[in-house]
Amino acid sequence: MEKITVVTPTKQYPILLEQSFDGLANAIKEQNLSGRKMCIIADENTDKLYREVVKKELQKVADTVFYHCFPAGEQHKNLETISNFYQFYQKNRFDRKTVIVALGGGVCGDMAGFSAATYLRGISFIQIPTTLLAQVDSSVGGKTGVDFCGAKNNIGAFYQPELVYINTSTLKTLPQKEFSAGMAEVIKYGCILSPKFFQYLQQQKQNILSMQHDVLSEMIKQCCLLKAEVVSKDEKENGLREILNFGHTIGHAIETISNFQLLHGECVSLGMLAVLELGKKRKEVTEQEQKEVQELLAYFHLPLYVNSVSKENIYQQMFLDKKVKQNKISFVLPKGIGEVYTTSEVSENEIRKAIDFVVKI
Ligand code: NAD
Ligand code: GLY
């Protein structure tokens, strides 16, 4: 078992890295959450795969265990689904001591977390991430929310969980495409914070793809350490945390315009490639560095371009991004591999050329 602690002004909590659900009841006890009503929120896939085993663990420490399942997919990450959660909570008389347990990927964690942040002005929640993306990124750091009227995550709250319990063995049932999508966020950490981690990924790529257990665990641990460090320094994205949005400005726009036909991680991959091209044009990234990132993304079957979306719509969609301030889009741009900077001084021409690089009609 590995333990990483996230320390923020609002909460301190552990991320536990395990290979099964066997330690869950004990972990909950250690967070002083025993004896309460608990409610598993899962999508239809994680409900089928993992609800029973998680329920058994929760029953060891809970007063009563409830569960509520919603349809899987980004298209259901909206206020209608949240409203269904609230109705379930109210019907079952959930009170301020009830604990929400998010069992699933980033869609599940973001929504279960948001419902916990807002129901009765805030009740406790636990993250049990089951996708690679959620284990390395979305379950850590307290960003919760939903998409709204064509804008990604535009309704939400910063709300930290009580505990993040990662059972890496859940990745065995994850479809290959979803694993690849998670690798985009993994590679992102190398690009923004650590040339050493980027090299590790290059060296271990075969072992990662074949899901060699020790390598996978080490990789997830390093991502959690990097994210915990950033979030501990800047919980509410007043500065440093913005770097975690590398590739997301163009990526989110592609994700929305493609009507969620592409996975979040696939769009982040495209967004990273677009800003690397922008960085190369600014002479802040070499051709060799660009090639290395491209090759690593391609190795994990991530798309290098897309051809079914309108470039103009992507450009316009970017102005709905949360990071737009006074009509200027904020970008996280690369300086080689392992360092980035934030700027809103990016010309329309630069943005359009970056989009051209990843959208081939
Ligand atoms: P997801 O939650 O939709 O999960 C992907 C698919 O995998 C779903 O169909 C799900 O049912 C299935 N699944 C989950 N675990 C499984 C398992 N172990 N075995 C088999 N199938 C499994 O998508 P995601 O990629 O995990 O998350 C993407 C979302 O996360 C986006 O909405 C994005 O905005 C959000 N996100 C949030 C943050 C944050 O900081 N809060 C960070 C990054 C991404
Ligand atoms: N995934 C971006 C963040 O957590 O800030």
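Refer to the structure above for everything that follows.
Criteria and thresholds
Residues numbered from 1 in each chain as written. Chains lettered and ligands numbered in written order. Predicted model: local features only at pLDDT ≥ 70, side-chain atom pairs only at ≥ 80, totals over all residues. Heavy atoms only, no water. Near = heavy atom within 4 Å. Polar contact = N/O pair within 3.5 Å; in protein donor to acceptor, adjacent residues only side chain to side chain. Areas by Shrake-Rupley, 256 points an atom, 1.4 Å probe, with all protein chains shown as cover. Helix = DSSP H or I, 4+ residues; strand = E, 2+ residues; numbered from the N terminus. Nonpolar A, V, L, I, M, F, W, Y, C, P; charged D, E, K, R; others polar. Axes fitted to C-alpha atoms, helices over the stretch in contact; angles between N-to-C directions. Parallel < 35°, antiparallel > 145°, perpendicular 65-115°, else oblique. Left-handed = near helix turned anticlockwise from the far one by under 90°. Contact = heavy atoms within 4.5 Å. Pairing = 2+ DSSP bridges. Buried < 20%, exposed > 50% of the residue type's maximum accessible area, 1.4 Å probe, protein only. Lys, Arg positive; Asp, Glu negative; His and termini not counted. Salt bridge = Lys/Arg side-chain N within 4 Å of Asp/Glu carboxyl O. Disulfide = S-S within 2.5 Å.

Caption draft 1: Examining the site of ligand 2 more closely. Close contacts around ligand 2 come from Asp 137, Lys 143, Lys 227, Glu 237, Arg 241, Leu 244 and Asn 245, and that covers them all. In this structure, Asp 137 approaches ligand 2 through a side-chain N or O atom, which is 3.3 Å from a nitrogen atom. Arg 241 is positioned with one of its side-chain polar atoms (N or O) 2.8 Å from an oxygen atom of ligand 2. Considering ligand 2 on its own, with 200 Å² of exposed area, one finds that the protein chains cover 89% of that surface.

Caption draft 2: Structural detail: the site of ligand 1. Around ligand 1 sit 28 residues in total, of which Asp 43, Glu 74, Thr 131, Lys 152 and Thr 173 are the nearest. Here a nitrogen atom of ligand 1 and a side-chain polar atom of Asp 110 are 2.9 Å apart. Within the side chain of Thr 173, a nitrogen or oxygen atom sits 2.7 Å from a nitrogen atom of ligand 1. In the complex, 91% of the free accessible area of ligand 1, which totals 870 Å², lies under the protein chains. Breaking the shell around ligand 1 down by element, the ones donating at least two residues are helix 2 (44-59), helix 4 (106-118), helix 5 (132-138), strand 8 (151-158) and helix 6 (176-193). Among the elements that take part in the shell around ligand 1, helix 2 stands out by supplying four residues, more than any other. Here the shell around ligand 1 is built from residues that sort into seven nonpolar, 11 polar and 10 charged.

Caption draft 3: Looking closely at the packing of helix 6 against helix 10 (residues 264-281). At their nearest, the axes of helix 6 and helix 10 sit 7 Å apart, and the two run at 40° to each other. With respect to their mutual orientation, helix 6 and helix 10 come out oblique. Here the hand of the crossing between helix 6 and helix 10 comes out left-handed. Residue-level inspection shows Lys 177, Ala 181, Ala 184, Glu 185 and Lys 188 of helix 6 in contact with helix 10, the latter providing His 264, Gly 265, Glu 266, Val 268, Ser 269 and Met 272. Residues belonging to the contact of helix 6 with helix 10 are distributed by class as follows: four nonpolar, three polar and four charged.

Caption draft 4: Region of the structure containing the pairing of strand 1 (residues 2-7). With six bridges connecting them, strand 1 and strand 2 (residues 12-18) associate as antiparallel partners. Residue pairing for strand 2: Val 6 is matched across the bridge by Tyr 13. The antiparallel hairpin formed by strand 1 and strand 2 contains four residues in its connecting segment.

Caption draft 5: Summary view of the sheet that holds strand 5 (residues 99-104). Read across the open sheet, the seven strands follow the order 1-2-9-6-5-3-4; overall the sheet is mixed. Strand pairing shows two members of the sheet lacking a second neighbour, strand 1 and strand 4 (64-70), which therefore form its edges. The sheet shows a mean angle of 20° between the axes of neighbouring strands, taken without regard to direction. Note that strand 3 (residues 37-43) and strand 4 share seven bridges and pair parallel. By the bridge assignment for strand 4, Asp 43 is matched with Phe 70. Of the strands in this sheet, strand 3, strand 4, strand 5 and strand 6 (124-129) touch helix 2, which is tilted by about 160° from strand 3. Helix 4 rests against strand 3, strand 4, strand 5 and strand 6 of the sheet, and its axis sits at about 170° to strand 5.

Caption draft 6: Representation of the side chain of Asp 43 in the model. With respect to the helices and strands, the residue Asp 43 is situated in strand 3. No salt bridge forms around the buried Asp 43; measuring N to O, its nearest opposite-charge neighbour Lys 48 is 8.3 Å away. Within the structure, the side chain of Asp 43 is placed 2.9 Å from the backbone nitrogen of Asn 45, a separation counted as a polar contact. At 3.0 Å, the side chain of Asp 43 forms a polar contact with the backbone nitrogen of Thr 46. Each residue touching Asp 43, except ones within four places of it in the same chain, is listed here: Cys 69, Phe 70, Pro 71, Ala 72 and Leu 103.

Caption draft 7: Broad picture of the state of the cysteines. Counting across every chain of the model gives zero disulfides. Unpaired in terms of disulfides, Cys 39 finds its nearest cysteine sulfur in Cys 108, a separation of 10 Å. Note on Cys 39: relative accessible area 0%, which makes it buried. Residue Cys 223 stays outside any disulfide, its sulfur separated by 6.9 Å from that of Cys 224, the closest cysteine.

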